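# Structural overview
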Amino acid sequence: MELSKCEAQRNPDIEANTVSDETRSEFLSTLSRELRHAARVLLQTPAFSLIVFITLALGIGATTAIYTVLDAVVLRPLAYRNADRLVSVLHPATVPGNGESKWGLSSAGYFYFKAQNHTLEDLGGYRTDGTVINGAQSSELVRTAVITASIFSTLEAHAALGRLISPEDDRPGAAPVVVLSYEYWQRHFGGDRAVLNTMLQASDGGREIIGVAERGLTLPKPGPFGSTSDLASFGVDLWVPLDLDPNARPQNSHQYSGIGRLKPAVTAEAAQRDLAALMGDFTSRFPTAYTARFMKAYNFRVGVTPLRDEVLGPNLSKTLWILFGAVAVVLCIACANVANLFLVRMEARRRDSAIRTALGADRAQMALHFLSESLLLALSSGLAGILVARLGLGVLLRIAPTDIPRLSSVGLGASSIVVAFGLSLLAGVVFGLIPLARQSVDVATLREGGRGLTSSRRQRMVRSGLVVGQVALALILLASAGLMLRSFANLRNVKAGLDPRGVLTFETVLPYQEFKEPEQVSAFQREFQERVAALPGVRMVGASEMLPLQDY
């Protein structure tokens, strides 16, 4: 015993650690006991437990599903390095009789902006196309990005194998080369590294394979006057050089999407002012292509927009936020209903709480008692909510419009699970703390409960008040949710100005080696339309470089 005293004196932390270990052990033992008791109580009241479980699971699941879509499409940065510095460079114009439109860059404008600007670290241009790959047994139409070499440096892209397109490859007269996308390389060549320096036979001739782009590299959206498919959804299979000639005669032809990378600490607004100042010299530098009359008649100007905003468009982000708000309101309705169920249940169990308090239970012990029950129920509902969110996402992805960008990246990931867990934890804590607001030693409660099982007049009045409050709150929240859903429906049902019913669209890609002259292309298009018009059930046939309601 003397040795123990001396040891404690020499090490005063031993006694504190012992007390801490005992406190921790006692807490864990109490928590385990309360959880077992909570599980028994919940099983003994299946009606209450099942209603709360289903209500919370559906509310948390729906909110998590919509959040997952919102996160993948709106909140998550674009899949490029330093994506916050990327901007879209296009030409807004007011077409007489057709209203506002967006045009791409011209060849002359691209070179001028790239050489003379003071705010962009780099600038690249591209358009989309389709290329026919000639195989041994069959041919295949693949998605092709026709790019300036600077696109790769602008996006800070890397090669997974070999090298990317260089400025030497991207000049008139250079040997034809191609870079494969990582996905196309895996899909058609099985990841064979020996594919480098071999020839790929395409509709525009043979091209030497010089490299493979890194996994997942794509362009944010189709270029103007290019493919009607969304590259963000379908990906790029081949990357080929654009071969623009800086010495060519300037033309008022705007075929190329522009992507720029801002210099450090430069904003999109500053870049807008910089390029707008350069636009003032268009009529003097390119008088044969841009006359003062044209510039005024079309209100022709330059637009610099953060690339993320250009990809999402003006309405998509707003629509998804409205939908998320509507679902969040529904979750609030569910939580309000559950909270009222807990309040009614608390009134029915006031005698039990009063007995515990009278026997010496402090507020911490009562809080642990109430929280163990509410958290057990809320967290189990959250797990079920994750399953509901997974099923709901499958439905949402099937009914969602295919032109929503980055829809292919929507999936139930770690952030969605964290949101579901956070909502469950918050709900459990709130529901567990509700009884503490009214918990106190109430002798009248003990007397009333001791005379029988019939509720007292005061308890019935409280329950009636809770029912009235629940109905009033539910009506307010339901009206709010209805207004949000109506706004969402209005955004979805904007009149397009055309009737797409019964209209089929498709693309034709002609081999360049066989159709070199415009007259050959025109003759093919005329014969093709005549043959399609002769098919049974076809009433009318038309051809266009772009479909209605495209961005450009």
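Residues numbered from 1 in each chain as written. Predicted model: local features only at pLDDT ≥ 70, side-chain atom pairs only at ≥ 80, totals over all residues. Heavy atoms only, no water.

## What about the overall build of the protein?
Of regular secondary structure, the protein possesses 17 helices and eleven strands. Taken over 552 residues, the protein has a buried fraction of 40%. Counting only contacts in the protein whose residues sit at least 6 apart along the sequence, the fraction spanning at least 24 positions is 79%. (Helix = DSSP H or I, 4+ residues; strand = E, 2+ residues; numbered from the N terminus. Buried < 20%, exposed > 50% of the residue type's maximum accessible area, 1.4 Å probe, protein only. Contact = heavy atoms within 4.5 Å.)

## Here we look at a nonpolar patch on the surface
A grouping of Leu50, Ile54 and Leu58 is seen on the molecular surface, where their side chains present a nonpolar patch of about 280 Å² in accessible area. Positionally, Leu50 belongs in helix 3 (residues 46–75). (Patch = residues over 30% accessible without salt bridge, like charges linked within 9 Å, V, L, I, M, F, W, Y side chains within 5 Å. Areas by Shrake-Rupley, 256 points an atom, 1.4 Å probe, with all protein chains shown as cover. Salt bridge = Lys/Arg side-chain N within 4 Å of Asp/Glu carboxyl O.)

## Some details on the confidence of the model for the protein
For the protein, per-residue confidence averages 80 on the pLDDT scale, and residues scoring 70 or more make up 76% of the total. With pLDDT under 50 throughout, residues 1–8 is counted as low confidence; its partners more than four residues away or in other chains account for one contact. Contacts from residues 222–234, a stretch scored under 50 in pLDDT, to residues over four places away or in other chains number 54 contacts. (pLDDT = per-residue confidence, 0-100.)

## Some thoughts on the nonpolar core
Phe113, Leu180, Leu238, Leu275, Phe282, Tyr290 and Phe300 are the most contacted members of the largest nonpolar core, which has 46 residues in total. Here the element with the most residues in this core is helix 8 (residues 268–279); it accounts for five residues. Ranked by size, the runner-up nonpolar core spans 25 residues in total, among them Ala149, Ile151, Leu219 and Ile259. (Core = buried A, V, L, I, M, F, W, Y, C linked by side-chain atoms within 4.5 Å.)

## Comments concerning the packing of helix 4 (residues 107–116) against helix 8
Running from N to C, helix 4 and helix 8 point in directions that differ by 125°, and their axes come no closer than 11 Å. When the axis of helix 4 is compared with that of helix 8, the two are oblique. The handedness of the crossing between helix 4 and helix 8 is right-handed. Across the interface between the two elements, Tyr112, Phe113 and Gln116 from helix 4 touch Leu275, Leu278 and Met279 from helix 8. Counted by class, the contact of helix 4 with helix 8 contains five nonpolar, one polar and no charged residues. (Axes fitted to C-alpha atoms, helices over the stretch in contact; angles between N-to-C directions. Parallel < 35°, antiparallel > 145°, perpendicular 65-115°, else oblique. Left-handed = near helix turned anticlockwise from the far one by under 90°. Nonpolar A, V, L, I, M, F, W, Y, C, P; charged D, E, K, R; others polar.)

## What to know about helix 8
Helix length check: helix 8, at twelve residues, gives a terminal C-alpha distance of 16 Å against a target of 16 Å (1.5 Å per residue), a fit within 8%. Among the residues of helix 8, those classed as buried are Ala268, Ala271, Asp274, Leu275, Leu278 and Met279. On an axial view of helix 8, the arc spanned by its buried residues comes to 145°, and they lie on one face. Exposed and oriented more than 90 degrees from the buried face of helix 8 are Glu269, Arg273 and Ala277. (Expected span 1.5 Å × (residues − 1). Arc of directions from axis to C-beta.)

## Notes on the state of the cysteines
Within this structure, the stated rule accounts for zero disulfides. Sulfur of Cys332: no disulfide; nearest cysteine sulfur belongs to Cys335 and is 6.5 Å away. Residue classification places Cys335 among the partly exposed residues on the basis of a relative accessible area of 22%. (Disulfide = S-S within 2.5 Å.)

## Remarks on the pattern of salt bridges
Taken as a whole and judged by the stated rule, the model has twelve salt bridges. In this structure, Asp237 and Arg187 form a salt bridge, with 3.0 Å as the shortest nitrogen-oxygen distance. On the criterion of sequence distance, the pair formed by Asp237 in the loop between helix 7 (231–234) and strand 9 (238–241) and Arg187 in helix 6 (residues 182–189) is long-range, its members being 50 residues apart. Given a relative accessible area of 9%, Asp237 falls into the buried group. Classification of Arg187 by relative accessible area gives partly exposed; the value is 48%. Between Glu527 and Arg531 there is a salt bridge; the shortest N-O distance is 2.8 Å. Residue Glu527 and its partner Arg531 are both found in helix 17 (residues 518–533); the two are separated by four residues, about one turn of the helix. In this structure Arg531 comes out as exposed when scored by relative accessible area, which is 60%.

## A word on unusual backbone geometry
Located in the positive-phi region is Asn197, a residue other than glycine, with phi close to 70°. Secondary-structure assignment places Asn197 in the loop between helix 6 and strand 7 (199–202). At Asn299, a residue that is not glycine, the phi angle is positive and equals roughly 45°. Position of Asn299 among the secondary structure elements: in the loop between helix 10 (292–297) and strand 11 (303–306).

## Considerations on the pairing of strand 1 (residues 86–95)
Burial analysis of strand 1 places nine of its ten residues in the buried class, which makes it a mostly covered element. Two elements, strand 1 and strand 10 (residues 257–262), share four bridges in a ladder whose sense is antiparallel. Looking at strand 10, one finds that Val89 is bridged to Gly258. The sheet contact formed by strand 1 and strand 2 (residues 99–103) spans five bridges and is antiparallel. Within strand 2, the residue paired with Thr94 across the bridge is Glu100. The hairpin turn running from strand 1 into strand 2, its antiparallel successor, is three residues long, and Gly97 in that turn takes a positive phi close to 90°. (Pairing = 2+ DSSP bridges.)

## A short note on the pairing of strand 9
Here strand 9 shows two buried faces, one formed by Leu238 and Val240 and the other by Trp239 and Pro241. In terms of strand pairing, strand 4 (residues 139–147) meets strand 9 through four bridges, oriented parallel. Following the sheet pairing, Thr144 is matched in strand 9 by Leu238. Pairing of strand 6 (residues 177–180) with strand 9, which is carried by two bridges, proceeds in the antiparallel orientation. In the sheet register, Val179 faces strand 9, and the bridge partner there is Trp239.

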